[in-house]
Amino acid sequence: MRLVIAEKRSVALAISQALDPNPQQSDDYIQADGNLVSWAQGHLVDLTEPDGYEQWSDPHWSMDQLPIIPQQWKWKIRSEKGAGSRYRTLVSLMRRPDVDTLVNACDPDREGEGIFHRIVAHSGIHKPALRLWVASLDERAIRSAWQGMKPIHDYQGLAAASDARAKSDWLIGMNATRAYTLTYRQRLNVGRVQTPTLAMIVARDEQIAGHKPTLFWTVIADMGGWHLTSPRIDSQAVAENLCAEAENGVFRILKTERKTVHDKPPRLYDLTSLQKDMSRLHGMTAAATLAALQHLYELKLATYPRTDSQYITGDDLPMLQQLTGSQRLVQGFVDRHTLTPAPRLELTVNDGKVAGHTAILPTLQLDGSKLAGLTDGERHVAVRIVRRMWEAIGDDHTHLVTTVEAQLDGDDDMIWTSRSDETITPGWKGISPEPAAATEENNDETDPVRSVIPANLTDGIATRPIGPVTVKQGETKPPKPYTEATLLSAMEHASRTLEDKDLKHALDDDALHSGGIGTPATRAGIIEQLVSGRYVERKGKQLRSTDKGRLLISVVAPELKDVALTARWEQTLTDLAESRDNIDGIERDFLAQVASLCEAIPEKAEASLAHVPRPAQTDKESFGVCPRCGKPVIKTGSLWQCSSNKSEKTADGEWKQTEGCGFKIFGTLSGKKLTDATIRKLLAGKQTRVSGFVSKRTGKGFDAILAIDPERGVRMQFDR
């Protein structure tokens, strides 16, 4: 009998329904066609915190503990509510004597591989295993994938990449965060991808702050339905003199060029390109877009979300033919009159650019009637995916672009220009009544004047202005602040910032890397971490760095904010995921590089004080008033305590309080990590309900209402 382990219950249910029209459900698993189908709840097993190792068990952070580099890694069951019981259920099912084969049906990506691998490794159970790699929860797709399952060993590189990613993030986070937090006496989180991303935002904000606008002037001559515009002029007086000359002058047409331009249809969506468009069109955050798409996937209305491909394979073409061959994805999504009578499905096919997951598409379960039951965000995402499908197979957008160059008689040094752009056939652009994509390129020009250049305008003719000739003032503009869309693009194409030509070429040459930092699955979370950690703040659609974010980037070691290093590591992880040989050696060498960097972090953190002094106010960052003595409560390491407290380390290595009232709140309570936000509420006199506690006696999860206790720090209260 096979035991299938999915990532979520909803996915387990979809798999069981595909395997058996009448699956038998129980609390812990589903029986389907002689198979047991059960589920995790995301990651159930994670790396142990430093205090789980004997040499770093002291809860007080200190430079003496650094660097923290385990020789033998330890893993633990996560403390989130229900994780322990779910893990024990899976282990119990794996140990059943009638279960002879395990099937990994977790999400088809690096982290999905890691979820399954860690559960099995932590259990110590050794049974043959297969991989169910399914990108859509459509029943036909699941049954097809079931027939094509491969041995789990074929995905060993992917599991190793997940392992290496987790350990490298742990090493950087534990060492760098502690080193800079201790040095600057405020919480400064450092992450392998998070910090280089923050560095990009800080650099953009510095460019904006340092920009000095320069005035310029242009002269615009109304030629009767079209306009000639002078080059930029850096003197207002010169511009006004030119304007006077042009009012009564004669323009000679030097060059007229007409070109019919064919704009090819856009590619299908990968996750990042969808997130960018949803930010631009609907103001949705990357995290909100991913959450909406994930739910559509679980509802069997869209294919797998965390993909970095914008193509499908030749094998997927029949499915696309079914999607586009009926009217089910027309009504409620697009105006049928805008669709091409001869869709070009072949434009979406490129087997060489599909490494694991195909582009995002709707499924055969979706139609207009399903939209009413979706949230606004889910509906926006579903409609946009469908429209992009139609756009990707549509006709070219054809338009006539005309450019003109002219000179004012008597002035042979200045070229005046005009440009017009007229649509011939709207093609794929007629499908979506939406604005053109925003761009982060500089726009120093004033608003362009719309022109329709006459068809009979030819080279060599002379013409005079018909309407007024005016002077228009403009000024150079700084780069635009990052938005969620433009930051995602910058993360995806980080190779553009690299000076190392060999690395840039290697990254650009590989469609899997795209020169990027982070992955489609992680970029949204990284942005949210920066916002929640108060390193970045949202101002409308803009993402702007805070004082705290700028401080971190100003003090952190250059390699920790280096896009090139992060891109190299991402490249190594991708190479590892695809490896078939020497997998252990590649992972070992990669982690050795990370560990070597971590060994130098404490010294570099302390050295940073020489050029960036510790801000005075960081010593007084308060989370609230101490309930014992009324002084501010501050955070030191992993605990919150009264600012009056002072401790010293004794000769035997123990910490002893020497001053202060002694009030403190430890960072973990019954297996649950408390958050800054929770502590602020409690110290403000509010009670707050918190979930995810784990009983030491029974191992079961529970919820509790927390309140401040002057003696014990925090007390639990329970509903009666």
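Quantities reported herein were computed from a predicted structural model and do not represent experimental measurements.

Chemist: What should I look at first to understand the sheet that holds strand E28 (residues 713-717) in this one?
Modeler: Strand pairing in a sheet is mediated by backbone hydrogen bonds. Such pairs are either parallel or antiparallel. An order of E26-E27-E28 is seen for the 3 strands of this open sheet, with the pairing classed as antiparallel. Each end of this open sheet is capped by a strand with a single partner; those strands are strand E26 (688-694) and E28. Taking each pair of neighbouring strands and ignoring which way they run, the sheet shows an average axis angle of 50°. Taken strand by strand, helix H19 (residues 676-683) contacts E26, strand E27 (701-709) and E28, and its axis lies near 45° from that of E27.

Chemist: Please explain the nonpolar core as it appears in this structure.
Modeler: In summary, soluble globular proteins display a tendency toward joint burial of nonpolar side chains. Tyr180 and Leu560 are the most contacted members of the largest nonpolar core, which totals 64 residues. For this core, the secondary structure elements donating two or more residues are helix H5 (156-184), helix H6 (194-210), helix H12 (484-492), helix H14 (523-532), helix H15 (547-555), helix H16 (563-578), helix H17 (583-599) and helix H18 (601-607). Among residues more than four places away in sequence, those in contact with leucine 560 are Ile172, Ala176, Tyr180, Val190, Gly191, Thr195, Pro196, Leu597 and Ile601. Among the nonpolar cores identified, the runner-up in size contains 38 residues, and Met284, Leu361, Trp390 and Ile393 belong to it.

Chemist: Would you mind going over helix H11 (residues 376-392) with me for this structure?
Modeler: One turn of an α-helix holds 3.6 residues; hence residues three or four places apart share an orientation. Between its first and last C-alpha, H11 extends 24 Å over 17 residues, near the 24 Å set by a 1.5 Å rise per residue. Within H11, 13 of the 17 residues are buried, which leaves it mostly tucked inside the rest of the structure.

Chemist: Looking at this structure, how should I read empty space enclosed by the protein?
Modeler: It is a probe the size of a water molecule, rolled over the atoms, that shows where empty space is left. Within this structure, the stated rule accounts for 2 cavities of 30 Å³ or more. Within this model, the largest cavity holds a volume of roughly 50 Å³. As for the largest cavity, its lining consists of Ile172, Gly191, Arg192, Glu559, Leu560, Leu565, Thr566 and Trp569. The dominant element in the lining of the largest cavity, judged by the number of residues it contributes, is H16, at 3 residues. A class-by-class count of the residues in the lining of the largest cavity yields 4 nonpolar, 2 polar and 2 charged. Its boundaries defined by the atoms lining it, the second largest cavity holds a volume of some 30 Å³. Taken together, Leu296, Leu301, Ala302, Pro362, Leu366, Ala382 and Ile385 make up the full set of residues lining the second largest cavity. Looking at the lining of the second largest cavity residue by residue, the class counts come to 7 nonpolar, no polar and no charged.

About the thresholds
Chains are numbered independently. Their residues run from 1 in the order of the written sequence. Local features are withheld for residues below a pLDDT of 70 in this predicted model, meaning they are given only at 70 or higher, and side-chain atom pairs are given and counted only at 80 or more; totals for whole chains, interfaces and linings count all residues. Each side-chain value is derived from all of the structure's non-hydrogen atoms; neither hydrogens nor water enter the calculation. In this scheme, strands are said to pair when DSSP sees at least two bridges between them. Only DSSP runs of H or I with at least four residues qualify as helices, and only runs of E with at least two residues qualify as strands; both kinds are numbered from the N terminus onward. Lines fitted to the C-alpha atoms define the axes, with helices restricted to the stretch that makes contact. Angles between their N-to-C directions range from 0 to 180 degrees. Only heavy atoms enter the contact rule, under which two residues are in contact if any of them lie within 4.5 Å. Residues belong to a common nonpolar core when they are buried Ala, Val, Leu, Ile, Met, Phe, Trp, Tyr or Cys residues joined through side-chain atoms within 4.5 Å. Buried, partly exposed and exposed residues are distinguished by accessible area as a fraction of the type maximum, computed with a 1.4 Å probe on protein chains only: under 20%, between the cut-offs, and over 50%, respectively. Multiply 1.5 Å by the residue count of a helix minus one, and that product is the helix's expected span. Grid spacing is 1 Å over the protein atoms alone, the probe is 1.4 Å, and a cavity is where that probe fits but cannot get out, while a pocket is an open set with protein on both sides within 12 Å along at least five of seven lines and lining residues have an atom within 4 Å of a point. Grid points are joined across faces, edges and corners, and a volume is the space filled by probe spheres set on the points. Only Asp, Glu, Lys and Arg are considered charged, only Ala, Val, Leu, Ile, Met, Phe, Trp, Tyr, Cys and Pro nonpolar, and every remaining residue, Gly among them, polar.

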